[in-house]
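The lines below spell out each chain.
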Amino acid sequence: MSAGETVHLTLDEVRALAKAGLAKTGLSPDHVDAVAETMVSGERDGCASHGIYRLLVAASSVKSGVVVPDAVPELSEPSPALVRVDGKGGFAQLPFRLGAPLLAEKARKFGIAAMGLNNVVHFAALWPEVEELTRQGLVALAVTPSHAWVAPAGGTKPVFGTNPIAFGWPRSSGEPFIFDFATSAVARGEIELHRRAGKPVPDDWGYNADGHATTVAEEVLSGAMRTFGGHKGSALAAMVELLGGPLIGDMTSLQSIEADGGRGGSPIGGEFIIAIDPAGFVGDLLAEYMKHAEVMFETITGQGARLPSQRRYEARKKSLVQGVEIPAALMRDIEKLLEES
Ligand code: NDP
Ligand code: PYC
């Protein structure tokens, strides 16, 4: 089988595979449902590193005992504008589902509200969550630390997670403006996909264990990844650690990898989400100020540049009709997972 061979799937088939694979791991049905949807969203929007490939990652996290498969998340309100969901060691998707409606309600009531998800296992992209809030007319920001895999600018030893930042802005016309990126040079999932495909990585993605730049994916995975944008990405990665860790009473990426104890599971810890009602500051003038935002977007696209998420929305349009292609080798690994007793 050549590395380039693919298998065609409809999105319903992706969903069925994800659900069957997750159920096989022993996850409770409500977790299966919530987790499968993020994998479908990833494939649907052309985000292979966080699509159905994550089934293998999630299954391995459950098998290694990192995830509590039947965790029942618990919702609380530490103060009027704050929501907390204790995930009790389960995957993060169900706690988000539980807390998001109250977060949105509080944002509308107070103008701004924040939610901390605690004690969750996180392997997913953040944009589906931000998009859900943004589609309700809210501005949203989400961050989560991960495992200490990334060296600070100027160093070569891991301290930060790949620490994504996702931001969403609702638009009166067209799809919401959303970006979501790791503060590492690339997401770790991307390096894992290179390793699976036997492909070298660019020499500015990370260091080997001796602190030297390398193009060997395995060496970066066992050495240290780099932040994007030098000291700027490094400072943003530190911000994500602080907001998604100590601020909400949860772990930093250093603590998360220590808690993993070599099991190789997905990151354990917290996620921090802010939701803002854009009418808060400007009230009746909202429509007018939204127009200024639209002028900015049009000035970006008008010169041939694209908006973040544009590629995703285009991929979505196509995959909803045509389905998706996944690597044949990945399909084989998923089938193996489904055949395991
Ligand atoms: P990418 O580099 O693939 O994309 C980053 C963002 O930039 C996207 O919003 C993308 O929009 C946008 N973008 C890319 N190219 C352009 C361009 N030319 N012009 C304008 N916008 C552009 O992201 P990463 O690899 O850093 O991260 C991938 C995913 O991994 C994220 O969804 C993140 O949440 C997830 N992740 C999760 C972690 C976790 O701990 N849970 C840890 C790290 C990452 P578009 O999608 O339309 O291309
Ligand atoms: O791709 O860096 C990553 C990642 C870490 C946790 C989930 N995704």
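Residues numbered from 1 in each chain as written. Chains lettered and ligands numbered in written order. Predicted model: local features only at pLDDT ≥ 70, side-chain atom pairs only at ≥ 80, totals over all residues. Heavy atoms only, no water.

Per an unreviewed UniProt entry, the chain carries the name Oxidoreductase and comes from Altericroceibacterium indicum. UniProt, in its Sequence similarities (unreviewed entry) section for the chain, records the words "Belongs to the LDH2/MDH2 oxidoreductase family." (UniProt positions renumbered as here; feature names shortened; annotations may be inferred.)

On to the packing of helix α1 (residues 11-24) against helix α2 (residues 29-44), then. Two elements in contact, α1 and α2, have axes separated by 9 Å at closest approach and are oriented at 140°. Considering the angle they form, α1 stands oblique to α2. Along this stretch, α1 crosses α2, giving a crossing that reads as right-handed. Facing α1, whose interface residues are Leu11, Val14, Arg15, Ala18, Lys19, Leu22 and Ala23, α2 presents Val32, Asp33, Val35, Ala36, Glu37, Met39, Val40, Glu43 and Arg44. (Axes fitted to C-alpha atoms, helices over the stretch in contact; angles between N-to-C directions. Helix = DSSP H or I, 4+ residues; strand = E, 2+ residues; numbered from the N terminus. Parallel < 35°, antiparallel > 145°, perpendicular 65-115°, else oblique. Left-handed = near helix turned anticlockwise from the far one by under 90°. Contact = heavy atoms within 4.5 Å.)

By nearness alone, 22 residues border ligand 1, and His50, Ala124, Asp180, Ala182 and Arg311 come closest of all. Measuring from an oxygen atom of ligand 1, one finds a side-chain N or O atom of His50 at 3.3 Å. Coverage of ligand 1 by the protein chains reaches 73% of its 930 Å² of free accessible surface. In this structure, ligand 1 is accommodated by the largest pocket. Sorting the residues of the shell around ligand 1 by element identifies β7 (177-181) and α12 (310-322) as the ones contributing at least two each. Looking at the shell around ligand 1 element by element, the count peaks at four residues for β7. Per-class residue counts for the shell around ligand 1 are 11 nonpolar, seven polar and four charged. Each of two domains, domain 1 (1-63 + 309-341) and domain 2 (72-184 + 227-308), supplies a minimum of three residues to the shell around ligand 1. (Near = heavy atom within 4 Å. Polar contact = N/O pair within 3.5 Å; in protein donor to acceptor, adjacent residues only side chain to side chain. Areas by Shrake-Rupley, 256 points an atom, 1.4 Å probe, with all protein chains shown as cover. 1 Å grid on protein atoms, 1.4 Å probe; cavity = no way out; pocket = protein on both sides within 12 Å on 5 of 7 lines; lining within 4 Å. Sits in = over half its atoms within 2 Å of the grid points. Nonpolar A, V, L, I, M, F, W, Y, C, P; charged D, E, K, R; others polar. Domains from an automatic or database assignment.)

This part covers the site of ligand 2. Around ligand 2, a shell composed of His50, Arg54, His122, Phe123, Trp149, Thr162, Ala187, Arg188, Gly189 and Pro267 is seen. Within the side chain of His50, a nitrogen or oxygen atom sits 2.9 Å from a nitrogen atom of ligand 2. Gly189 places a main-chain nitrogen or oxygen 2.9 Å from an oxygen atom of ligand 2. In the complex, 90% of the free accessible area of ligand 2, which totals 250 Å², lies under the protein chains. At a threshold of 2 Å from the grid points, most atoms of ligand 2 map onto the largest pocket. Taken together, the residues of the shell around ligand 2 break down into four nonpolar, four polar and two charged.

What follows covers the packing of helix α3 (residues 54-63) against helix α13 (residues 328-339). One can describe the packing of α3 onto α13 by two numbers: an axis separation of 10 Å at closest approach and a directional angle of 35°. As for the relative orientation of α3 and α13, their crossing is left-handed in sense. When α3 is examined against α13, the residues Leu55, Leu56, Ala59 and Lys63 are found in contact with a partner set consisting of Leu330, Asp333, Ile334 and Leu337.

With that settled, the discussion passes to the pairing of strand β3 (residues 82-86). Covered by surrounding structure in β3 are Val83 and Val85 only, the residues Leu82, Arg84 and Asp86 on the alternate face being uncovered. One ladder, built from four bridges, connects strand β2 (residues 74-79) with β3; its direction is antiparallel. The residue bridging Ser79 from the neighbouring strand is Leu82, located in β3. Linking two consecutive strands that pair antiparallel, namely β2 and β3, is a turn of two residues. Note: β3 against strand β4 (residues 112-121), five bridges, orientation parallel. By the bridge assignment for β4, Leu82 is matched with Ala114. (Buried < 20%, exposed > 50% of the residue type's maximum accessible area, 1.4 Å probe, protein only. Pairing = 2+ DSSP bridges.)

Summed over all chains, the structure comprises 18 salt bridges. Of the charged contacts in the structure, one is a salt bridge between Glu340 and Lys63, with a shortest N-O distance of 2.9 Å. Remark: Lys63 occurs in helix α3 and Glu340 occurs in the segment after α13; sequence separation between them is 277 residues. Take Lys63: its relative accessible area is 58%, and that puts it in the exposed class. Note that Glu77 is salt-bridged to Lys106, the shortest N-O span being 2.6 Å. Of the two residues, Glu77 sits in strand β2 while Lys106 sits in helix α4 (residues 93-110), which places them 29 residues apart along the sequence. Judged by its relative accessible area of 7%, Lys106 is buried. The structure contains a network of salt bridges with shared partners spanning Arg44, Asp45, Glu131, Arg135, Glu175, Arg312 and Arg316. (Salt bridge = Lys/Arg side-chain N within 4 Å of Asp/Glu carboxyl O.)

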